[in-house]
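What follows is the residue order along each chain.
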Amino acid sequence: MKRLIQCFMLMGMLIFFNSVNAQDRTVSGTIVDQEDNQPLSGVSVVVKGSSTGTTTDANGRFTVRVPSGRSQLEISYAGYQKQTIGIDRGNNVNLKLARDLSELSEVQVVGYGVQKKSDLTGAISSIKGSDVTQIATQRVDQALQGRAAGVLVLNTDGQPGGNTTIRVRGMNSINGGNNALIVVDGLQGGNLNSLNPNDIESIEILKDASATAIYGAQGANGVVLITTKLGKRGKPIIGYNYTFGVSKLIKKLDVMNAADYAKTINASVMTRNGSGATPVPIFSDEEIAGYEKNGGTDWQDVIYRTAPMHNHELSVSGGSDNLKYLVSGGYLDQDGILVNSGYKRFSLRTNLLADINSWSQFGLNWAGSRENGNSPPYGSADISFLGNSVNVAPRWAPTEPIYDENGNYWVHRPGYGPSDTWNPLASAVEPKIDNNLVRNLLNAYVNFKILKGLSFKITGGANIENTNNEIYHNLKTYEGKQNTGLAVVTANTFRRFQNSNILTYEREINKHHFDVTAVAEQQYSKFKFSSIRASKFTVDQTGASDLGGAGLSVLSSDENERVLNSYLGRINYSYDDKYLVTASYRADGSSVFGQNNKWGYFPSASFAWRASQEEFISDLNIFSDLKLRASWGITGNQAITPYQTLARISSGANYPYNGTEGTELGFYIFNAANPNLKWESTEQTNVGIDFGLFNGRLNVTADYYYKKTTDLLMPRGLPGYTGFSSVIDNVGSIENKGFEFTISGDPMVGRLRWNSSLNISTNKNKVLDLGENDRIGYRTTKGGYSVNTPFMYLVEGEPFGQIYGFKYLGTWGSDKASEAAAWGQLPGDRHFEDVNNDGEINIKDLTVIGNSFPDFIFGWSNRFTYSNFDLSFLIQGSKGNDLFNMGRIRLESPGEGSSARLLDRWTPTNQDTDVPAFIDEKTREDAALESHVNIPDQRLSRWVEDASYVRLKNIQLGYNLPVSLTKRANIKSLRLFVSATNLITITDYTGYDPETSAYNGNDAQIGVDFSNYPQAKYYNIGLNLLF
Amino acid sequence: MKNIKSYHFLFIAVVLLAMSCKKLTEKPISFVEPQNFYTTPSQIEATFAGAMNRVWDYWGGYGYGMGNFIHDDQYDDGDLVIGNNHGSDLWSAHYAAILNLNSAIKAMNAGNLGSTATPEEVDLLMGQAKFIRAWNYFMLVRMFGALPLITEETEDPTTAEITRSPITDVYALIVSDFTEATEKLPRKWDEFPGRPTSGAAKGLLAKVYLTMATYPLKDESKFALAADLANQVIQEGDYSLVQDINNVFSIGTKYGPEMMWSLNSNYADINTDPQIYRPGLLDGWGDFRVQIEWEQAVPETPRKHAYVLTELDGKNYHDWESDQTPFIKKFMYDNQDDYNNYSSIMNMPIIRFADVLLIYAEAANKVNHGPTQAAVDAVNMIIDRANGYTTIAEHPLLTTGMTEADFDAAVIEERNQELCFEYDRWFDLVRKEILEEKTIPAFRVNFSTDDYLFPIPDADIELNKALEQNPGY
């Protein structure tokens, strides 16, 4: 017995001494990705309870010294689920790490760095690269529509390669521009058009001050961060995507056929029987019978067509131990639905990331593209609408043929219809338009790891764009006829260089985590412009290719440059992963600011509480995540164009001072200097909440924000004796407030998986101060529509997008004949509202008749996967936006108009209509009424329509061929798909497209439909191939 | 492993120092700032063109200064209801021109031209600058009265304390400027017929003195100066009347012998659409109707039919189917191509020899307290030409036997009929204080002596509290 006890004591002592002797051991192993068994390098392996740790090497192997007494390793790696494993069983550990699908551990790109999504304190919307490739037109800006709360995307025209208007959280500026800052891989000032959507890894949209203040004087309108792809370590993956599509006009305007048109014109002409005149109908009965048979010309069919599109993409990506790369190229060839229009884009990209040694890396992203676009003029283009085919085609009488008997373009017969306008087909097909743009985006950087947690990155970037545009209107076009040939040749170069030097330091002490970033940055850009406008060509065929043959030419050129020097710093602090604080400060010195105000300062601070980490919340077992956030900050809008603060001598005031032939060059003082001019300033407060339920299967984000923008650039009046009428000064202010709500989740996760995301946003905008004006009108400058006085107004106390005019109440019924007579009108006449009740309808009755900005916008995207099939679709819409349908003014004009609504005009038997009657002059003469209606123009609520809409924007059905099939051909995967864009549009709007806006020079003018290139419907099929 | 090496820090320091190599001060590339301009004669001349361009739209062409003078008795519908901001576009246009001229004068005084111009060349430029500035101020002072007097010596007018200087001060500047112009300008520009000459300066200075001698200054000592200057122009013989009344306003005579200085136009910078003068019956737009009472008071002479359109196809305007008023014929000229191209290249005269003759007649009569032979001869040249060199009973020649008052009234009436539609009648009505009597009875109720001045524009009154508005507005 005693012997046994001694044995135990001896063993115990041995064991004890072994422990006390701190026999450290070495544990090693290999860590791979659970899905594809690829080794993972850089995985953090830490002995739990100690500070000893290491990371896996390129082969996924690690070796760690484990102090005695420790028995667990903590394994963590971004994007993968954390694991804690016991190492009692031996010194060799092999692990498979599972990917972490929960969004929380996702790393999100923020300004000048990355942050874990769980650590974010600001309002940022994130869009995956795969969502961006779904849209048929292959344009990144269009792909953002409906995908992020608070982001309004307007496709104001449908030209392939045309532009979209993107507004983040409303309009801040009147004259300073409202475009968000685009940052591609850290290089600021890029453009979304030229990017190949397949190159994009992710898009982040920074919305509140804590996210955007880090961009200082460029951040007030929001920031769109684009990150492009890089290969992963492993064998090269070759991808090829091909899409073929056709596009068509979504819907035609409802115009009459030739017979109805002829009868309507005759009816209108027969009303001209005043003063004893006897009118004669223009179309005879035989002619009308002939039109009944052959239908006449459908002019919309003449200028619109079904247009094909081809898109090819090829990419190679991969990586080795110390090099990751992506090379991709794309070719897009898209015809437009309007004849003689199209867009071609050729793009090439190389992204490289190389490890120079264990403490430095070198990266290079270069993307080049060449775009070629053309389209006949439309909308508010710088030519008369007489030669604008989109405007003229639906107006041309269907009784007119396209060609005459000699094969020349038909000239509209006089006496009816738009006889002063040009043949629509000639206006579309004859102009020769060739716009070319070559872009180079280059970003190179070197990353140094100096100490543990301290690294330094130097970046150098360049954005170089060359534009060469050539337009020739020949003698068969309206402009060409007026000017004996008109050529406009433009050449621009734009160069932008950026150097950012970023120092980051990360440190964790117990539960305190610090993340500090300091940046010194400089940017320089230069823009050069030259153009020739030549006319009076002797030879029409050579046109713009022989400018020497032009009798008259006007030359102009311009050049400007700007510099931005910046210093900024940011601290992210978190305690116990529960309490998060971010503070940032940026100083921007910009050359465009006035001499006395060269430097602007932009602070921000934000706080977040991850309540789900608190025990009392996590014990409830309801929330997978619960975060409350609040932020405040000040951002700026550089707003000022170069040299705007300086007085300038301008050319262009020529005058025949000498009294000889020709004019003498005249120079004059163009503007007064303002050395105090500075940036526009936006102060924004944001509160938000993020929470997740059902283990992360349902996530909700809601934000409320309030923004006030002050120091708006506005002209301040000067007394006339100074020789100036105004000087630009910082005098206006605007406020925006709104609410954003996003709910997303995976309602179904079984064999049929369903992922869905819905976002809704509202924005209420109010102009607070317009300087010494109480209102400013914005003219839409086309004559001939009787709207020469402005109807879009900015008014103090009212939002952007106000439409002013006269209230149209419809037509007078015959039961109201005596009431109408009191106004001097007959039944069937237009009935207006006497807003001020003074017994007269005149200019004093001008009032608000609509607003062009939406009450709310929403997007709902869904993705279904079932075995090898996938289906995704996006529905987006806008409610409450009105449009002034300017085209209807002449389309519904008696004696000229072709709209089918004229068939519904008021008659004693058809009284329930708002289209006024054709009342003959004799009846009016006989009535001899005294008129109290004096409406001077066509600013009527009759033309204001509700353009709210819901659209099935994208729908795509795909099928992945089974692996068993593809393996035989050595293909990794092959997916076939069919898709459609703009497939269904539900709207009451009668024009071509409820999103259109023809005048976009200033956001205050948005909301007028005047013959813009209509959007199209696309049907595509294609394949995605991976080798 | 990573050791912190000293060259890491050095590297960071170098990179940070390399920052801010670009300065934030802007240096414009495609234009110059005013302080760097006015350094060569052609830049100064370009300033003259630029200054005239500023006022061109309002006096020539469709923009029409006439709209502001519609209240005199020659135009139809001028009802003497002069609202706020009447003439404000002319105020802005003239001051914009003055701003540019002041800068040029200041630069020349500071010697900025340096060696690019000889002293004689600088004198020529200075003469032109002072001439144009004086004309601008002459128009302003007659329309608005006391003015903010902005000269090359005024520091930045956008920030300086500015008040209205009395009329005497303004006229002092005008007289000084025109006098300098008479000394420095040549009698003739061989290659540049459109430029101002010393004769034009003398003619305008004579007009200035004549205006100073009448309402509101009524400084009668100036009559002698006016007469003397006008006489100099007559004696120098550089200018003479065009013999045929129908040729006075024609393309061939735009720059002489009668026209002394005008608002110029040519095919590269047209005056206006000729359609504005023709009535609808002649396929025009009929924008400028003549007042019927005025036309009926003018005697039937060849001049009347050269200047006023009263008949078409033998029918008097009373019997026309539409637009039954007389129309301005003075600026119409016979060129169907120009008409079809919407291009009228007729100049708008500012001073012409007929005006100088009439100034002389009026001034000499006042100095002598009765018409002298020379005065009578001067005005009779006008009357004779108007009559086509025959005798017309309703339009007799004047004689030395007339009284001072009768002769004065006759000369004013002759100005009325000769210089019609040339922006001159309004100023005659004001300075002779006959606005009320010459207004047709229907509108006479709207008259008050406040009407002799246009209002200072609202924007100026609101933005500069030190400016006082003219009475009645």
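That block above? That's the structure.
Reference entry: report on the structure contained in this document. Since the model is a prediction, treat every value here as computed from it, not as a measurement.

When helices and strands are counted, chain B shows 17 helices and eight strands. In terms of principal-axis extent, the alpha carbons of chain B reach across some 120 × 50 × 50 Å. By the burial criterion, 58% of the 473 residues in chain B qualify as buried. Of the roughly 19,100 Å² of accessible surface on chain B, a fraction of 51% belongs to carbon and sulfur atoms. Here chain B contributes 37 positively and 69 negatively charged side chains, and the mean placements of these two sets differ by 8 Å.

Our focus in this paragraph is helix α7 (residues 222-236) of chain B. Residue and element names in this part refer to chain B. Its 15 residues place the ends of α7 21 Å apart at the C-alpha level, agreeing with the 21 Å of an ideal helix rising 1.5 Å per residue. Where α7 is buried, its residues contact α6 (198-213), β3 (259-263) and α11 (353-368). Looking one or two places after α7, you find G237, whose phi comes out positive at around 75°.

Right, let's talk about the pairing of strand β24 (residues 486-509) of chain A for a bit. All names here are of chain A. Taken together, the 20 bridges between strand β23 (residues 454-473) and β24 define a ladder with antiparallel strand orientation. Across the sheet, the residue bridging to N469 is T490, located in β24. Bridge count between β24 and strand β25 (residues 512-537): 24 bridges; the pairing is antiparallel. Bridge assignment links I502 to a residue of β25, and that residue is V519.

All names here are of chain A. Within the secondary structure layout, S852 lies in the loop between β41 (847-851) and β42 (856-866). Overall, S852 belongs to the buried group, its relative accessible area being 8%. Sequence spacing of S852 and K816 is 36 residues, and the spatial spacing of their C-alpha atoms is 33 Å. The residues touching S852, leaving out its near neighbours within four places in the chain, are M792, G801, N881, D882, I1006 and G1007. A distance of 2.7 Å separates a polar atom in the side chain of S852 from the backbone oxygen of I1006.

This part is about helix α12 (residues 373-386) of chain B. Residue and element names in this part refer to chain B. Along its 14 residues, α12 runs 20 Å from first to last C-alpha, staying within 8% of the 20 Å computed at 1.5 Å per residue. Of all the bends in α12, the greatest, near 25°, is centred on N380. The elements touched by buried residues of α12 are α9 (302-307), β8 (348-352), α11 and α13 (404-418). In the stretch just after α12, G388 is the one whose phi turns positive, near 75°.

Residues and elements named next belong to chain A. Both strand β46 (residues 949-960) and strand β47 (residues 973-987) contribute to a ladder of 11 bridges, which runs antiparallel. By the bridge assignment for β47, L957 is matched with V978. Sheet topology places β47 next to strand β49 (residues 1016-1026); nine bridges connect them, and they run antiparallel. In the strand pairing of β49, S973 is matched with L1026.

It is worth spelling out the sheet that holds strand β10 (residues 124-128) of chain A at this point. Residue and element names in this part refer to chain A. Strands sit in the order β10-β15-β16-β13-β14 across an open sheet of five strands; the sheet is mixed. At either margin of the open sheet sits one strand with a lone partner, and together these are β10 and β14 (187-188). Here strand β13 (residues 181-184) runs beside β14; their pairing, made up of two bridges, is antiparallel. For V183, the partnering residue across the bridge sits in β14 and is Q188.

With that settled, the discussion passes to empty space enclosed by the protein. Tallied over the entire structure, the rule returns 13 cavities of 30 Å³ or more. Mapped by element, the contributors of at least two residues to the lining of the largest cavity are β11 (151-154), β42, β43 (869-879) and β44 (882-885) of chain A. Tallied by class, the residues present in the lining of the largest cavity amount to 13 nonpolar, 11 polar and three charged. Lining the second largest cavity we find 17 residues, and of these B:P349, B:I350, B:E422, B:Y423 and B:D424 sit closest to its centre. Contributions of two or more residues to the lining of the second largest cavity are made by α4 (119-144), α6 and β8 of chain B. Tallied by class, residues from the lining of the second largest cavity come to 11 nonpolar, no polar and six charged.

Take the sheet that holds strand β48 (residues 1008-1009) of chain A next. Residues and elements named next belong to chain A. As summarised here, the arrangement of the three strands in space is β45-β44-β48, forming an open sheet in which the pairing is mixed. Each edge of the open sheet carries a strand with a single partner, namely β45 (944-946) and β48. Sheet topology note: the β44/β45 ladder contains three bridges and is antiparallel. The partner of D882 across the bridge, within β45, is D946.

This brings us to the interface of chain B and chain A. Opposite the 68 residues of chain B that make contact, chain A presents 64 residues. Note on chain B versus chain A: buried area summed over both sides is about 5,500 Å², and carbon and sulfur give 65% of it. Taken together, the connections running from chain B to chain A amount to zero salt bridges. Linking chain B with chain A are 19 residue pairs in polar contact (both at pLDDT 80 or more), by the criterion used here. Contributing elements (two or more residues each) for the side of chain B that touches chain A: α1 (6-17), α2 (41-59), α3 (88-109), α4, β3 and α17 (458-463) of chain B. With nine residues, α2(B) is the single largest residue contributor to the side of chain B that touches chain A. Partitioning the side of chain B that touches chain A into residue classes produces 39 nonpolar, 18 polar and 11 charged.

Let us now look at unusual backbone geometry. The peptide bond linking B:Y215 to B:P216 adopts the cis configuration, its omega dihedral lying at 0°. Tracing the sequence through the fold places B:P216 in the loop between α6 and α7. Cis geometry marks the peptide bond from B:G256 to B:P257; its omega dihedral reads 0°. With respect to the element layout, B:P257 can be found in the loop between α7 and β3. In this structure, A:D185 is a non-glycine residue whose phi angle is positive, near 55°. Mapped onto the secondary structure, A:D185 falls in the loop between β13 and β14. For A:N340, which is not glycine, the phi dihedral falls at a positive 65°. Relative to the helices and strands, A:N340 resides in the loop between β19 (323-335) and β20 (342-357). A relative accessible area of 27% places A:N340 in the partly exposed class.

Attention now goes to the packing of aromatic side chains. All chains considered together, the criterion is met by 56 aromatic pairs over all chains. Taken together, a centroid distance of 4.8 Å and an interplanar angle of 50° make the contact between A:F593 and A:W679 tilted. Highlighted residues: A:F593 in the loop between β27 (579-590) and β28 (599-610) and A:W679 in the loop between β31 (667-671) and β32 (680-693), separated in sequence by 86 residues. By relative accessible area, which is 0% here, A:F593 ends up buried. Arranged with centres 4.8 Å apart and planes meeting at 90°, the rings of B:F131 and B:W261 form a pair that is edge-to-face. You can see B:F131 sitting in helix α4 and its partner B:W261 sitting in strand β3, a full 130 residues away along the chain. Here the basic side chain of A:R775 rests over the ring of A:Y793, its NZ or CZ set 5.5 Å away from the ring centre. Note that A:R951 overlies the ring of A:Y949, its terminal NZ or CZ placed 5.3 Å from the centroid.

All names here are of chain B. Within the structure shown, the criterion is met by 70 salt bridges over all chains. Salt-bridge contacts for K202 lead to E236; the nearest nitrogen and oxygen are separated by 2.6 Å. Residue K202 is located in helix α6, and its partner E236 is located in helix α7; the two are separated by 34 residues in the primary sequence. By relative accessible area, E236 is classed as partly exposed at 24%.

Another aspect to go through is the packing of α4(B) against α6(B). Residue and element names in this part refer to chain B. Running from N to C, α4 and α6 point in directions that differ by 25°, and their axes come no closer than 11 Å. Taken together, the axis directions place α4 and α6 in an arrangement best described as roughly parallel. Judged by the twist between their axes, the crossing of α4 over α6 is left-handed. Contacts between α4 and α6 involve F131, W135, F138 and R142 from the first element and A200, A201, L204, K207, V208 and T211 from the second. Residue classes in the contact of α4 with α6 are distributed as seven nonpolar, one polar and two charged.

Basis of the calculations
- Residues numbered from 1 in each chain as written.
- Chains lettered and ligands numbered in written order.
- Predicted model: local features only at pLDDT ≥ 70, side-chain atom pairs only at ≥ 80, totals over all residues.
- Heavy atoms only, no water.
- Helix = DSSP H or I, 4+ residues; strand = E, 2+ residues; numbered from the N terminus.
- Buried < 20%, exposed > 50% of the residue type's maximum accessible area, 1.4 Å probe, protein only.
- Areas by Shrake-Rupley, 256 points an atom, 1.4 Å probe, with all protein chains shown as cover.
- Lys, Arg positive; Asp, Glu negative; His and termini not counted.
- Charge placed at Lys NZ, Arg CZ, Asp CG, Glu CD.
- Expected span 1.5 Å × (residues − 1).
- Contact = heavy atoms within 4.5 Å.
- Pairing = 2+ DSSP bridges.
- Polar contact = N/O pair within 3.5 Å; in protein donor to acceptor, adjacent residues only side chain to side chain.
- Bend = angle between axes of the 7 residues up to and from the residue.
- 1 Å grid on protein atoms, 1.4 Å probe; cavity = no way out; pocket = protein on both sides within 12 Å on 5 of 7 lines; lining within 4 Å.
- Points joined across faces, edges and corners; volume = space filled by probe spheres on them.
- Nonpolar A, V, L, I, M, F, W, Y, C, P; charged D, E, K, R; others polar.
- Buried area = accessible area lost by both parts, 1.4 Å probe.
- Salt bridge = Lys/Arg side-chain N within 4 Å of Asp/Glu carboxyl O.
- Phe/Tyr/Trp six-rings, centres within 6.5 Å; stacked < 30°, edge-to-face > 60°.
- Lys NZ or Arg CZ within 6 Å of the ring centre and 35° of its normal.
- Axes fitted to C-alpha atoms, helices over the stretch in contact; angles between N-to-C directions.
- Parallel < 35°, antiparallel > 145°, perpendicular 65-115°, else oblique.
- Left-handed = near helix turned anticlockwise from the far one by under 90°.

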